[in-house]
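Take a look at the letters that make up each chain.
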Amino acid sequence: MSTLTQPTRHWSVDLAHRIWSKERVWLVSLGILILLFLFAPEQGVESAKFTANNLLDVAPFLVLSIGIAAYAGATGADGLIARAFTGSPAVMILIAALAGGLSPFCSCGVIPLIAALLAMGVPLSAVMAFWLASPVMDPSMFVLTTGVLGVEFAIAKTIAAIGLGVFGGTVVHLLAKSGGLTNPLREDVGNGGCGGAKVRTAQPVVWAFWRDNARVSKFAKEGIKTTLFLAKWLTLAFVLESLMLAWLPADLVAQTLGGAGLAPIGIATLVGVPAYLNGYAALPLVGGLMGQGMAPGAGLAFLVAGGVTSLPAAVAVWALVKRPVFLLYLGIALSGSFAAGLAFQFWVTL
């Protein structure tokens, strides 16, 4: 009886498969830039410069946050941080939302901390609360918003950020409690269970980790791993954002969002997802629209929805969690932003 032999694949096919499976994000970014340089050279140059400049701009925040995450892992302090999130779910979600809404990190700089929290086994409800609130507001954004749109709008945006975090964390907690959202994380991100190994098992903390070669090695390994992870995803996000800015004219956004009343709030919430520029560039646009009669609630909805779903923030969520959790993230962002816009519009018309 003869046996059938499977044809062996050429080594180049296996190599290409391994490269694609491990480095597809880099390859997609490179492919987009190559196509731009071939068919739209000027835009290719602009996209490359835009990506490089934005990576340099966020580098200080990334270095700080990566250092904090790596230090927590090397010293064992991550276990202490994780155990701080094992109390009452309501308190835990509120603290996470407050920390996200008031933290000085940008939507990019907070990614290493989010990844570290997930790897520590912090419940997804608290992480989601922090994640939703963080891109919307920070201290520098509060000051700038006050200068452009007024202190009342800045306070409303801060409350919206914290409220969105609490809302999202509560939704995730209820879904998880009912048996949903099992294994929400992508492979190699973390265990992310109800507690997690580092929450259940107390480990000694060695603050001066540099005296232990094994901990120094862990610090370097985690720092390099997180840096490479962020670099590839942020590069793709900034390349895509450059195309959005080039091919989605600001005057089109203005025309779409103009007008007063409640209907523009819903439109602004939906338009904020693809049309959002960035936290700082969007403020003058909204200020100009409000000067032309745009409803304040629509402006707030646009800023909140756009901040949470901006490409760097959304790509980070996509990179860390599975598709159902990502879709849940978008759904919470849209519904919460719309509710915030309605509430603010009701407040200003009292």
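Presented here is a report on the structure given in the accompanying data block. Fair warning: this is a prediction, and the values are worked out from it, not measured in the lab.

Below, the discussion takes up the overall build of the protein chain. A tally of regular secondary structure across the protein chain gives 16 helices and zero strands. Out of the 350 residues belonging to the protein chain, those deemed buried represent 46%. Pairs at least 24 apart in sequence give 83% of the contacts found in the protein chain among residues at least 6 apart. On the protein chain, roughly 17,300 Å² of surface is accessible, and the fraction owed to carbon and sulfur atoms is 70%.

Before going further, it helps to spend a moment on helix 10 (residues 213-247). An α-helical turn contains 3.6 residues, so a residue and the one three or four places further along point in the same direction. Taking 1.5 Å per residue, 35 residues should reach 51 Å; helix 10 reaches 51 Å between its end C-alpha atoms and fits that length. Between a side-chain oxygen at the N-terminus of helix 10 and the backbone nitrogen of Ala214 the separation is 2.9 Å; the capping residue is Asp212.

Summed over the entire model, instances satisfying the criterion amount to six aromatic pairs. Note on Phe153 and Phe344: the rings are 5.4 Å apart at their centroids and 90 degrees apart in plane angle, and the pair reads as edge-to-face. Placement of the pair is Phe153 in helix 8 (residues 151-177) and Phe344 in helix 16 (residues 323-348), with a sequence separation of 191 residues. Each member of the pair, Phe153 together with Phe344, is buried.

This part covers the packing of helix 6 (residues 124-133) against helix 16. Helix 16 packs onto helix 6 with a crossing angle of 50 degrees between their chain directions and a minimal axis gap of 12 Å. In terms of orientation, helix 6 lies oblique with respect to helix 16. Judged by the twist between their axes, the crossing of helix 6 over helix 16 is right-handed. Mapping the contact onto sequence places Leu124, Met128, Trp131 and Leu132 in helix 6 and Val325, Tyr329 and Ile332 in helix 16.

Rules behind the numbers
- Residues numbered from 1 in each chain as written.
- Predicted model: local features only at pLDDT ≥ 70, side-chain atom pairs only at ≥ 80, totals over all residues.
- Heavy atoms only, no water.
- Helix = DSSP H or I, 4+ residues; strand = E, 2+ residues; numbered from the N terminus.
- Buried < 20%, exposed > 50% of the residue type's maximum accessible area, 1.4 Å probe, protein only.
- Contact = heavy atoms within 4.5 Å.
- Areas by Shrake-Rupley, 256 points an atom, 1.4 Å probe, with all protein chains shown as cover.
- Expected span 1.5 Å × (residues − 1).
- Polar contact = N/O pair within 3.5 Å; in protein donor to acceptor, adjacent residues only side chain to side chain.
- Phe/Tyr/Trp six-rings, centres within 6.5 Å; stacked < 30°, edge-to-face > 60°.
- Axes fitted to C-alpha atoms, helices over the stretch in contact; angles between N-to-C directions.
- Parallel < 35°, antiparallel > 145°, perpendicular 65-115°, else oblique.
- Left-handed = near helix turned anticlockwise from the far one by under 90°.

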